Amino acid sequence: AAGETLTIVFPMWNEIAIIDRSIDVAHAAAGLLLDEGAIRDYEIVVVDDASTDGSAERVAELALSDGRLRLIRHDRNRKLGATVRSGFAAAKGSVVLATGADLPFDLRELSRAYHLLATYAADIAHVYNALVKGAFGLRVRDVNFSAKLVRAEVLDAIELQSEGSFIDVELLVRAQRAGFRVVQFGVDSFPRWTGRSTLASAGVIATMLREMVTIGPRLGAADAEAVMAAPLVIVSADDFGL
């Protein structure tokens, strides 16, 4: 709705080479929604996870002349889950997009995701059957893909605990468990144009498995009738072209 506001959250750790471009692209993508009248305002929240390469200082410098840009800083490195949680907690928008500072998808797709979030009200039993399966009553094509558009009401209704990359699973499952609904859509995925992703590192994988064992059992399974009747609150992108 036109009265809504948007927050774009960028978790950041040592991204000095790309953060200027990421912020520029975010402004351009959100500006399209603003020009369309889909939203009335937006903000960009960069959450620095104790970078050591000057990333935080650069964002702080940019924020001095950019009223829509805010910087949140961790005093120690807390990993992706905690960084995303900090961004969600700081977000002022009624709709929140969390995505990587390395721009893993074309942010121009944000307009399509937003309009899907705003207007999707048809019978989606076939989508439900594809999504709500498996151990947690949830199955998506690429649960860890770094693009999730979330209404603020879902963030207010759940409490996230993950410190690592299990945050993606926890977000979707807790939201579904609370009676909200998840839809995914395909996007064109971009490889990193500089640096190296840490998602596949042994340490990150170990943390994901540990959190799956410790947090997973507390998530439970979804109630099918509640999910089917729920408001749509998360659009989760995947890079498989679903």
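Keep in mind it's a predicted model, so treat the numbers as computed, not measured.

Cut-offs used in this document
- Residues numbered from 1 in each chain as written.
- Predicted model: local features only at pLDDT ≥ 70, side-chain atom pairs only at ≥ 80, totals over all residues.
- Heavy atoms only, no water.
- Salt bridge = Lys/Arg side-chain N within 4 Å of Asp/Glu carboxyl O.
- Helix = DSSP H or I, 4+ residues; strand = E, 2+ residues; numbered from the N terminus.
- Buried < 20%, exposed > 50% of the residue type's maximum accessible area, 1.4 Å probe, protein only.
- Polar contact = N/O pair within 3.5 Å; in protein donor to acceptor, adjacent residues only side chain to side chain.
- Core = buried A, V, L, I, M, F, W, Y, C linked by side-chain atoms within 4.5 Å.
- Axes fitted to C-alpha atoms, helices over the stretch in contact; angles between N-to-C directions.
- Parallel < 35°, antiparallel > 145°, perpendicular 65-115°, else oblique.
- Left-handed = near helix turned anticlockwise from the far one by under 90°.
- Contact = heavy atoms within 4.5 Å.
- Nonpolar A, V, L, I, M, F, W, Y, C, P; charged D, E, K, R; others polar.
- Pairing = 2+ DSSP bridges.
- Right-handed = clockwise from strand over helix to strand, strands pointing away.

Undergrad: Sorry, what's going on with the pattern of salt bridges here?
TA: Pairing between side chains of opposite charge can happen when their charged atoms approach one another. Across all of its chains, the model carries ten salt bridges by this definition. A salt bridge links Arg151 to Glu4, with the shortest nitrogen-to-oxygen separation between them at 2.4 Å. Placement of the pair is Arg151 in strand E5 (residues 147-151) and Glu4 in the segment before strand E1 (5-12), with a sequence separation of 147 residues. Like Arg151, the residue Glu4 is buried in the burial classification. Where Asp41 meets Arg68, a salt bridge forms, and the shortest distance between an N and an O atom there is 2.9 Å. Within this pair, whereas Asp41 is found in strand E2 (residues 41-48), its partner Arg68 is found in the loop between helix H2 (55-63) and strand E3 (69-73), the two being separated by 27 residues in sequence. Overall, Asp41 belongs to the partly exposed group, its relative accessible area being 31%. Arg68 gets classed as partly exposed once you look at its relative accessible area, which sits at 31%. Each member of the salt-bridge network shares a partner with another, and the members are Asp20, Arg58 and Glu61.

Undergrad: Can you help me understand the side chain of Asp106 in this one?
TA: Tracing the backbone through its elements, the reader meets Asp106 in the loop between strand E4 (95-99) and helix H4 (110-119). Separated by 2.8 Å, the side chains of Asp106 and Arg108 make a polar contact.

Undergrad: Explain the nonpolar core here, please?
TA: General note: in soluble globular proteins, nonpolar side chains tend to be found buried as a group. Judged by nonpolar contacts, the single largest core of 32 residues is most densely connected at Leu6, Phe10, Val46 and Leu149. The set of elements that each furnish at least two residues to this core consists of E1, helix H1 (19-36), E2, H2, E4, H4 and E5. Of all the elements, H1 adds the most residues to this core, at six residues. Among the nonpolar cores identified, the runner-up in size contains 18 residues, and Ala90, Leu160, Ile167 and Ala175 belong to it.

Undergrad: For this particular structure, what's the right way to read the packing of H1 against H2?
TA: The relative placement of two packed helices comes down to the angle between their axes together with the axis-to-axis distance. As a packed pair, H1 and H2 sit with axes 10 Å apart at the nearest point and diverge in direction by 40 degrees. Considering their axes alone, H1 and H2 lie oblique with respect to each other. Remark: the crossing between H1 and H2 carries right-handed chirality. In this structure, H1 uses Ile19, Asp20 and Ile23 to contact H2, whose residues at the interface are Arg58, Val59 and Leu62. Within the contact of H1 with H2, the residues separate by chemical class into four nonpolar, no polar and two charged.

Undergrad: Looking at this structure, I do not really get the pairing of E5. What am I missing?
TA: Successive residues of a regular strand alternate their side chains across the two faces of the sheet. When you tally the buried positions in E5, you get five out of five residues, the bulk of the element. Going residue by residue along E5, you find Ala147, Leu149 and Arg151 tucked away on one face and Lys148 and Val150 tucked away on the opposite face as well. Bridge analysis of E4 against E5 gives five bridges, and the strand direction is antiparallel. What sits directly across from Val96, in E5, is Val150.

Undergrad: Could you clarify how one ought to interpret the pairing of E1 in this entry?
TA: Taken across its eight residues, E1 has eight buried, putting it largely inside the fold. Neither face of E1 is open: one carries Thr5, Thr7, Val9 and Pro11, the other Leu6, Ile8, Phe10 and Met12, and all of them are buried. In the sheet, E1 pairs with E2 via eight bridges, with the strands oriented parallel. Across the sheet, the residue bridging to Pro11 is Val47, located in E2. After leaving E1, the chain enters H1 and then returns to the sheet as E2, a path that is right-handed.

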